[in-house]
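Analysis of the macromolecular model
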Amino acid sequence: MNFDVETVLSQLTQNEKIALLSGIDFWHTFPIPKHNVPSIRFTDGPNGIRGTKFFAGVPAACLPCGTALAATWDKPLLKRAGKLLGDECIAKGAHCWLGPTINTPRSPLGGRGFESFSEDPYLSGILAASMILGCESTGVTSCVKHFVGNDQEHERRAVDCLITPRALREVYLRPFQIVARDAKPGAMMTSYNKVNGRHVADSEEMLQQIIRSEWKWDPLIVSDWYGTYTTIDAIKAGLDLEMPGVSRYRGKYIESALQARLLKMSTIDERARRVLKFAQKAGELKVSEVERGRDFAEDRALNRQVSSSSIVLLKNDDSLLPLPKTAGKIALIGSHVRLPVISGGGSASLLPYYSVSLYDAVAEALPNASITHEVGAYAHQMLPVIEAMIHNAIIKFYNDPITLVDRQLLGTENVSSTSFQLMDYNAIPTLNRGMFWGTLLGDFIPTATGTWDFGLSVFGTADLYIDDELLIDNTTHQTRGTAFFGKGTMEKIGSKELVGGKTYKLRLEFGSANTTKMETTGMVNFGGGAVHLGACLRGDPQEMIARAVQAASEADYTIICTGLSGEWESEGFDRPHMDLPPGVDDMISQVLDAAPNAVVVNQSGTPVTMAWAHKARAIIQAWYGGNETGHGISDVIFGAVSPSGKLPLSWPVDVKHNPAYLNYASVGGRVLYGEDVFVGYKFYEKTGREVLFPFGHGLSYATFELSDSEVKTVPEVLRPGHSSVAVVKIKNTSKIAGAQVLQLYISAPDSPTHRPTKELHGFEKVFLEAGEEKEVQIAIDQYATSFWDEIESMWKSEEGTYDVLVGTSSQEILGRGKLIVPETRFWLGL
Ligand code: BGC
């Protein structure tokens, strides 16, 4: 089934053309069967393929989060990861992957920093291009997002990002420019925010001029979900498709604008043509008719490789790691040991096929070891979900509240998690999606006797009953919290003495989104509603730490694994500070005092304060590691894999040192990108501010040397339109195989333009057997010598002699060379 775009366009009625310009529901475009135009399915994104259901969805492969993927610095590996996502899309019946996210984590506090790749635009763009090429090799279209400036969550739909043209070009647009040059994905999503006074979705300069005219890239341009704000401006600006449906700004409004000659029919034709082209290409792909899973051994192996390659060994004094596999007694301490965090929160989260905990992975790697586990300190924000303790759980759906006697049951669903969102739930045709109610019923069997704290957060309204006694009323009075993209209430707590092993009748009565008592203006209101129900046995914090200390002092080896989670790092809000959850630092510190050899594993998508870093001999940054989180960590700890990950973000000592610290939240409706082009390491280097761990840092168990500290560039003179290569020889001087990432930085000559001390403009990850030596070539192109000249509004490659620095981190430079630009040149394009 296929069609010719121009023939169909010439046959469509005006109404059909208009209908093509908005989605029909949360995930699909408008089909025109009589012309063979299919309905195209989008799916989130970015580190797994959730399919069409936030609630009661089909399980999926979950790759490590964006910053973890970037920490691999491995182009071929990410290409394979992209292909895996393409294959997952096909299984989920989806034609277009809403990913990757290539916004810029200017601050460690960004709610979606974990989804993005790097503070460095070159690294982000190059790695994103690899993933896109992998994904699109399956026929699935990639929709790279969010263009541009969605670098914070606070007031994300309204905030005006004030960015100089130079920073916009050199930092924020650059990853998109690289992707346009190297991968040309078939779709691109606009961001929610404004840039310099205008919503990007309404900006002809951004969409038509930069993307389509200057870069000659013609993707389908899709709005972020509910991120279309106007009819006329957005159409003129080049925004092809409003998502999701039902349309809020198109349909009859376009009709009216055409009548009033505020829009031309030729512009509507242009947008409709772009949607048809997208549907035509996407429609060629045969995707599964039913949404299904595909969980193959080779995918698990790939995911495990990505996970272990993303691990960054931050510190390893006296080669404490790897730990011997002969270890007899191991203490595993921390909140993340048994409950691995596989992903950050928000639209990146999904129901995984499975997830491997560190506990299970260590037990598998060391079958003869005796393993003890102590939580030490809880790291949750809301109380943890309890589906594992609820039996026979179902949710019943109604169009009327519980107060109506004889309300009609319309349908039921099983409960895979006691935290769920119903925005795209449409399995019951008779359910009134605007206003409905549900009852969750189940047998709750607590695992231990004591005081149990229950917690309930909701977008809508909800009450919790245990044995028909009201324990939590989150209906009458509601206070706003951060859950559910910032639309949920604060968690309300209720407590009860319970006997371990005894069965209690649990009942949760909830009303959908529109029953909420809170104001929702200014937020993205996805509708449907959402609930988070959790519970936890109350523990005395000091006793918990004491038990952890005890376990650590009795063990041969101790591994602490804790950190943040999707509750702390998520879409809809930013972190208020950079610290670990309350009590966690104290616990780590006390365990390190008792067991100085304890290895600390931190899971977070972006940097956290590590006040105890000086005490720890070994620190591992493990991100959110996807399905294979536990394997990824244990493969590195016990030496099955020599670590090769490198930080894609600088790791400040204190959040106050971060260049965006004074300008990171919407104040008076705007945020000033005051650090200009000096984002991340470019700021720390220029100001001589020490960081805890620098950009590009990451240790290995193997050792490497450059054979010559002089780097040859061939040719040494960079002629317009050409590229050079830096040639270096690297040797693995150790007795084990390993990989090193050679990073190429360019240092521009002095000029009146304030330039960063150095900028990353090339890298290669090199795998070397013990004793092996390889010659490596790293390409350098015109981007490396150019900055955005604000007077000419063009790129300027300035004449002069540039230093070429090759190192293993931004601070560990091992080789130097030169690159000569013989004459100054201005350019535009890619
Ligand atoms: C997010 C997008 C996502 C979309 C659909 C939006 O809130 O910003 O990244 O793809 O929702 O879930």
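Residues numbered from 1 in each chain as written. Predicted model: local features only at pLDDT ≥ 70, side-chain atom pairs only at ≥ 80, totals over all residues. Heavy atoms only, no water.

A few words now on the sheet that holds strand E5 (residues 187-190). What links the strands of a sheet is backbone hydrogen bonding, and the strands pair in either a parallel or an antiparallel sense. Read from one edge to the other, the open sheet built from 5 strands follows the order E1-E2-E3-E5-E8, with strand pairing classed as parallel. In the strand order of this sheet, the two ends are held by strand E1 (42-44) and strand E8 (220-222), each with one partner. Neighbour-to-neighbour, the strand axes of this sheet turn through a mean angle of 30 degrees, independent of strand direction. Relative to strand E3 (residues 141-147), strand E2 (residues 96-98) is paired through 2 bridges, and the arrangement is parallel. Counterpart to Trp-97 in the pairing with E3 is Ser-142. (Pairing = 2+ DSSP bridges. Helix = DSSP H or I, 4+ residues; strand = E, 2+ residues; numbered from the N terminus. Axes fitted to C-alpha atoms, helices over the stretch in contact; angles between N-to-C directions.)

All right, on to the pattern of salt bridges then. Side chains that differ in sign of charge can pair as their charged atoms come close. Taken as a whole, this structure holds 45 salt bridges when the rule is applied. Here Glu-88 makes a salt bridge to Lys-92, at a shortest N to O gap of 3.7 Å. Here Glu-88 falls in the buried class, since its relative accessible area comes to 0%. Residue Lys-92 is classed as buried on the basis of its relative accessible area of 0%. Across the pair Glu-170 and Arg-166 runs a salt bridge whose closest N-O atoms are separated by 2.7 Å. (Salt bridge = Lys/Arg side-chain N within 4 Å of Asp/Glu carboxyl O. Buried < 20%, exposed > 50% of the residue type's maximum accessible area, 1.4 Å probe, protein only.)

Another aspect to go through is the side chain of Ser-700. Here Ser-700 is to be found in the loop between strand E27 (691-693) and strand E28 (704-706). A distance of 3.2 Å separates polar atoms of two side chains, one belonging to Ser-700 and the other to Ser-642. A distance of 2.9 Å separates a polar atom in the side chain of Ser-700 from the backbone nitrogen of Ala-702. Excluding anything up to four places from it in sequence, Ser-700 contacts Ser-642 and Pro-643. (Polar contact = N/O pair within 3.5 Å; in protein donor to acceptor, adjacent residues only side chain to side chain. Contact = heavy atoms within 4.5 Å.)

Read across the open sheet, the 4 strands follow the order E32-E31-E36-E37; overall the sheet is antiparallel. The sheet is open, and its two edges are formed by strand E32 (759-768) and strand E37 (813-821), each paired on a single side. Taking each pair of neighbouring strands and ignoring which way they run, the sheet shows an average axis angle of 20 degrees.

Along its sequence, the protein is organised into domain 1 (297-380 + 540-663), domain 2 (390-537) and domain 3 (702-827). Facing the 8 residues of domain 1 at the interface are 6 residues of domain 2. Both sides of the domain 1 and domain 2 interface together cover about 580 Å² of buried area, and 65% of this is carbon and sulfur. The tally of links from domain 1 across to domain 2 stands at 0 salt bridges. For the side of domain 1 that touches domain 2, the class distribution of residues is 3 nonpolar, 4 polar and 1 charged. (Domains from an automatic or database assignment. Buried area = accessible area lost by both parts, 1.4 Å probe. Nonpolar A, V, L, I, M, F, W, Y, C, P; charged D, E, K, R; others polar.)

One can find Arg-106 in the loop between E2 and helix H5 (121-136). Polar side-chain contacts of Arg-106 include one of 2.7 Å to the side chain of Glu-675. Not counting the four nearest positions on each side in its chain, Arg-106 is found in contact with Asp-151, Tyr-172, Asn-658, Ala-660, Asn-663, Tyr-664, Val-671, Leu-672, Tyr-673, Gly-674, Glu-675 and Val-679.

Core analysis: the biggest nonpolar cluster contains 76 residues, and Phe-147 and Val-148 have the highest contact counts within it. It is H5 that provides the largest number of residues to this core, a total of 9 residues. When near neighbours in sequence (up to four residues on either side) are disregarded, Phe-147 contacts Leu-173, Phe-176, Met-188, Met-189, Thr-190, Ser-191, Val-200, Met-206, Leu-207, Ile-211 and Trp-215. If you look at the next biggest cluster of nonpolar residues, it comprises 43 residues, including Ile-32, Cys-96, Ile-235 and Val-275. (Core = buried A, V, L, I, M, F, W, Y, C linked by side-chain atoms within 4.5 Å.)

Near the ligand you find 14 residues, and of these Asp-44, Arg-112, His-146, Asp-224 and Glu-571 are the closest. Note that an oxygen atom of the ligand is positioned 2.7 Å from one of the side-chain N or O atoms of His-146. In the environment of the ligand, an oxygen atom lies 2.6 Å from a nitrogen or oxygen atom belonging to the side chain of Asp-224. Residue composition of the shell around the ligand, grouped by class: 6 nonpolar, 2 polar and 6 charged. (Near = heavy atom within 4 Å.)

The omega torsion of the bond from Gly-245 to Val-246 falls at 0 degrees, within 30 degrees of zero and hence cis. Turning to its location among the elements, Val-246 is positioned in the loop between helix H9 (232-237) and helix H10 (252-259). Residue Pro-322 follows Leu-321 across a cis peptide bond; omega there is 0 degrees. One can find Pro-322 in the loop between strand E9 (312-316) and strand E10 (329-333). Even without being glycine, Tyr-226 reaches a positive phi, approximately 65 degrees. Looking at the secondary structure, you find Tyr-226 in the loop between E8 and H9.

This brings us to the packing of helix H13 (residues 358-365) against helix H17 (residues 629-637). Two elements in contact, H13 and H17, have axes whose closest approach is 7 Å; the angle formed by their N-to-C orientations is 50 degrees. By the angle between their directions, the pair H13 and H17 is classed as oblique. Handedness of the H13/H17 crossing: right-handed. For the pair H13 and H17, the contacting residues are Leu-358, Ala-361, Val-362, Glu-364 and Ala-365 in the first and Gly-630, His-631, Ile-633 and Ser-634 in the second. Each residue belonging to the contact of H13 with H17 can be placed in one class, and the counts come to 5 nonpolar, 3 polar and 1 charged. (Parallel < 35°, antiparallel > 145°, perpendicular 65-115°, else oblique. Left-handed = near helix turned anticlockwise from the far one by under 90°.)

Among the 8 residues that make up strand E21 (residues 530-537), 7 are buried, leaving the element largely enclosed by the rest of the structure. Pairing of strand E14 (residues 419-421) with E21, which is carried by 3 bridges, proceeds in the antiparallel orientation. Counterpart to Ser-419 in the pairing with E21 is His-532. Sheet analysis places strand E16 (residues 450-459) next to E21, joined by 8 bridges and oriented antiparallel. Within E21, the residue paired with Phe-459 across the bridge is Ala-530.

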